[in-house]
Each structure stands twice: as structure tokens, then as C-alpha cells.
Amino acid sequence: MFRKILSAILAVILITISLNIDTEAESVSTNLINNKPMKVAVLLMNFTDQYISLVRENLEEIQKENPEKVQFTFYDAKSNQAIQNEQIDTVLKKGTDLILLHLVNNTNEATVENVITDIKRTNTPVILFNREPISSILLRSYPKAVYIGLDAKQDGIKQGEILINEWNTNRDFIDKNNDNIMEYIILGGERDN
């Protein structure tokens, strides 16, 4: 699943490049015109997060395999939205061809709106991933913004189906106290995700 998400991100990057070249020649960055690598700012919630470290490693691998096509610059928000806001401001001032954004705070509508509005002002394409913003309306307000990720509700349903299937096929092994009741512990992640 992880590779599928990264593949989707890479596909969107390549589509963004081709769309910029084909339909918006006057606003294409000089990097794309001069056949230099596409500059991509990757703003991550926290480098110490295990999933995020895998995302970073895989993007670094993509860059190694495609040095003439893409150059990633990574930013660690340290799970702090204020730090991420400063990083976004810095990236927008420096200029970039694309932003990959793993939002720190995806549940505060004002925060998401401010981030999208700031990016929209510079006409920079942005891909939000993993942590779906609370409002898809905000994303639809900017045609160069897209969210790529999985449906968390659907994931929960699939996990439940796996448990039911295991219970039905391996009940003798799973039911340690032989009371014919499935007992389990649910471990949750972040409350706002």
C-alpha cells in the first residue's frame, strides 16, 4: 500500500510537469524550461515518525534513481504547526515547482484554509498526503491542490473483516480460554488522525 501511495505521488508529479508544460507555458518554472530537475519541497510532520521516515527514504531513493528529473528538499515540522507554517512561508519565498505536504494539523479548518490560501497565492501545485484535511471544499477551491491517501474508515472496515475471517477459520487457536467470545484490544493512533 505504501508503495502505491508513493507511486501515486510520483505520477502526480509527472502529470504536474506535463500539464505545466502543455497548458501553462507562460508560468512554467525556469527549471522545467531548462530541463533541470523539478524542485519539490517535502514538508513532513515529523522525521521521527516511523511511517514518515519510510516516506522520506523512498522519496530519497526516487531522487537517486531520477537525479535529472527531481530534487527533493525535506523539512521537519517536529509535530508543530507553527514551525510548519514558517517552513511553508520559506518555501514559497524561495520558490519551488511542487509542494508535498504532510499537514501537522489537518483537523483545524482555519489552519488548513490558511495553508491552502498561502500556497494558492503563489500558484504552486501542492499534494497533501496521508492526513486528509478536514474540509475537502478547501482543496476544491484551489485546482492545483490534491489529496492522496487512503480512506481511514475503509481501512477500519477491512481490519474488522480480517478479524472476523481469522475468528471463523482459526477459532480454536485464537480462543485461548474457550469461552467462544472474541476478546481483543484496539490500539489507536493520534486522536486527530
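Thresholds, definitions, all that
Residues numbered from 1 in each chain as written. Predicted model: local features only at pLDDT ≥ 70, side-chain atom pairs only at ≥ 80, totals over all residues. Heavy atoms only, no water. Helix = DSSP H or I, 4+ residues; strand = E, 2+ residues; numbered from the N terminus. Contact = heavy atoms within 4.5 Å. Expected span 1.5 Å × (residues − 1). Buried < 20%, exposed > 50% of the residue type's maximum accessible area, 1.4 Å probe, protein only. Arc of directions from axis to C-beta. Polar contact = N/O pair within 3.5 Å; in protein donor to acceptor, adjacent residues only side chain to side chain. Pairing = 2+ DSSP bridges. Axes fitted to C-alpha atoms, helices over the stretch in contact; angles between N-to-C directions.

(A) Structural view of the side chain of His 102. Counting through the fold element by element, His 102 comes out in the loop between strand S3 (98–101) and helix H5 (109–121). Dropping the residues within four chain positions of it, His 102 is found in contact with Leu 43, Leu 44, Met 45, Ile 52, Gln 84, Phe 129, Asn 130 and Arg 131.

(B) Broad picture of helix H4 (residues 81–94). Helix length check: H4, at 14 residues, gives a terminal C-alpha distance of 20 Å against a target of 20 Å (1.5 Å per residue), a fit within 8%. Looking only at H4, the buried set comprises Gln 81, Gln 84, Gln 87, Ile 88, Val 91 and Leu 92. The buried residues of H4 occupy an angular sector of 135° when projected down its axis, which confines them to one face. Turned more than 90 degrees from where H4 packs its buried face, Glu 86, Lys 93 and Lys 94 sit exposed. Of the surrounding secondary structure, the elements contacted by the buried residues of H4 are strand S1 (38–44), strand S2 (70–76), S3 and H5. Measuring from the backbone nitrogen of Ala 82 back to the side-chain oxygen at the start of H4 gives 2.8 Å, which picks out Asn 80 as the cap.

(C) Main features of the sheet that holds strand S5 (residues 145–148). Ordered in space as S2-S1-S3-S4-S5, the 5 strands form an open sheet in which the pairing is parallel. Sheet topology places S2 and S5 at the edges, where each strand pairs with a single neighbour. Each strand axis lies, on average, 20° off the axis of its neighbour in the sheet, ignoring direction. As paired strands, S3 and strand S4 (residues 126–129) are joined by 3 bridges and run parallel to one another. In the strand pairing of S4, Leu 100 is matched with Ile 127. Against the sheet, helix H3 (residues 50–65) engages S1, S2, S3 and S4, with an angle of about 160° to S2.

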